[in-house]
Amino acid sequence: MGKKAPAPGENAKAPSAQKEVRPEDTIPDLPENQEAREFLKNAPSKGLWLPFGKEVKVMKCWRCKQYGHRTGDRECPMKDLGNQQNEKKRRILYDPMANLVEKKAKKREARKQARRERQLEKIAYYQKLLEEEREKRDMRRNEKLLSGKSKKRKR
């Protein structure tokens, strides 16, 4: 009895001989994905030894098409681009405090601008007043000089 050929659905090699699938192997080897691949290559993948402060993400961003983050994450180079109205609604939905802080900042800026405009109006008013006073003083001075000369001529 000879060796039987494996059935079409069966693998000829034993499962132990198959290559172990690592997370970095799921990410295409492109220059823009190099940072994510390097991190995942060196990162522990089992047990309690996962790195602190850095999330291990094997996902693709819909905007920039890079791996290692999602759409809207800070790491995305295109996080500020896109439909601004949808982004504003999303930010309000997920972070309502950001909307309140933004509104307060706008109000504060509007108050500063109004205060500056009032100051400029006051400055313009006092400059005009000062010019009028200078003109009056010059007119009085001229009148005194003219009246003094006319008195001297009469003598």
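In this text, all values refer to a predicted model and were calculated from it rather than measured experimentally.

When its secondary structure is counted, the protein shows 3 helices and 0 strands. For the protein, the residues scored as buried account for 10% of the 155 residues in total. Of the roughly 14,500 Å² that the protein leaves accessible, carbon and sulfur atoms contribute 54%.

Restricting attention to buried positions, one finds in helix H1 (residues 34-42) the residues Ala36, Arg37 and Leu40. Taken down its axis, H1 places every buried residue within 100° of arc, on the same side. Projecting away from the buried face of H1 at angles above 90 degrees are the exposed residues Glu35 and Asn42.

So, about unusual backbone geometry. Of note in the backbone geometry, Lys65 takes a positive phi value of approximately 65° without being a glycine. One can find Lys65 in the loop between H1 and helix H2 (84-94).

With respect to the helices and strands, Trp62 occurs in the loop between H1 and H2. Spatially, the C-alpha atoms of Trp62 and Gly72 are 9.4 Å apart, while their sequence positions differ by 10 residues.

Counting across every chain of the model gives 4 salt bridges. With its nearest N and O atoms 3.5 Å apart, the salt bridge here joins Glu131 to Arg134. Of this pair, Glu131 and Arg134 both sit in helix H3 (residues 96-154), 3 residues apart, which is roughly one turn of that helix. Accessibility expressed as a relative area gives 41% for Glu131, which makes it partly exposed. Linking Asp138 and Arg137 is a salt bridge whose minimum nitrogen-to-oxygen distance equals 3.9 Å. Residue Arg137 is classed as partly exposed on the basis of its relative accessible area, which comes to 39%.

Right, let's get into a positive patch on the surface. On the surface, Lys88, Lys103, Lys104, Lys107, Arg108, Arg111, Lys112, Arg115, Arg118 and Lys122 cluster together into a patch of positive charge. Residue contributions to the positive patch peak at 9 residues, all from H3.

The subject of this paragraph is a nonpolar patch on the surface. Taken together, the side chains of Tyr125, Tyr126 and Leu129 make up a nonpolar region of the molecular surface, amounting to roughly 330 Å² of accessible area. For Leu129, the location among the structural elements is in helix H3. Its relative accessible area of 33% is what places Leu129 among the partly exposed residues.

Overall, the coordinates contain 0 disulfides when judged by the stated rule. In this model Cys61 remains outside any disulfide bridge; the closest cysteine sulfur is found in Cys76, 3.6 Å from its own. The exposure class assigned to Cys61 is buried, which follows from its relative accessible area of 0%.

The next thing to look at is the confidence of the model for the protein. The pLDDT averaged across the protein works out to 77; a share of 71% of its residues lies at or above 70. Element-level mean pLDDT values for the protein span from 77 in H1 up to 90 in H3.

About the cut-offs
- Residues numbered from 1 in each chain as written.
- Predicted model: local features only at pLDDT ≥ 70, side-chain atom pairs only at ≥ 80, totals over all residues.
- Heavy atoms only, no water.
- Helix = DSSP H or I, 4+ residues; strand = E, 2+ residues; numbered from the N terminus.
- Buried < 20%, exposed > 50% of the residue type's maximum accessible area, 1.4 Å probe, protein only.
- Areas by Shrake-Rupley, 256 points an atom, 1.4 Å probe, with all protein chains shown as cover.
- Arc of directions from axis to C-beta.
- Salt bridge = Lys/Arg side-chain N within 4 Å of Asp/Glu carboxyl O.
- Patch = residues over 30% accessible without salt bridge, like charges linked within 9 Å, V, L, I, M, F, W, Y side chains within 5 Å.
- Lys, Arg positive; Asp, Glu negative; His and termini not counted.
- Charge placed at Lys NZ, Arg CZ, Asp CG, Glu CD.
- Disulfide = S-S within 2.5 Å.
- pLDDT = per-residue confidence, 0-100.

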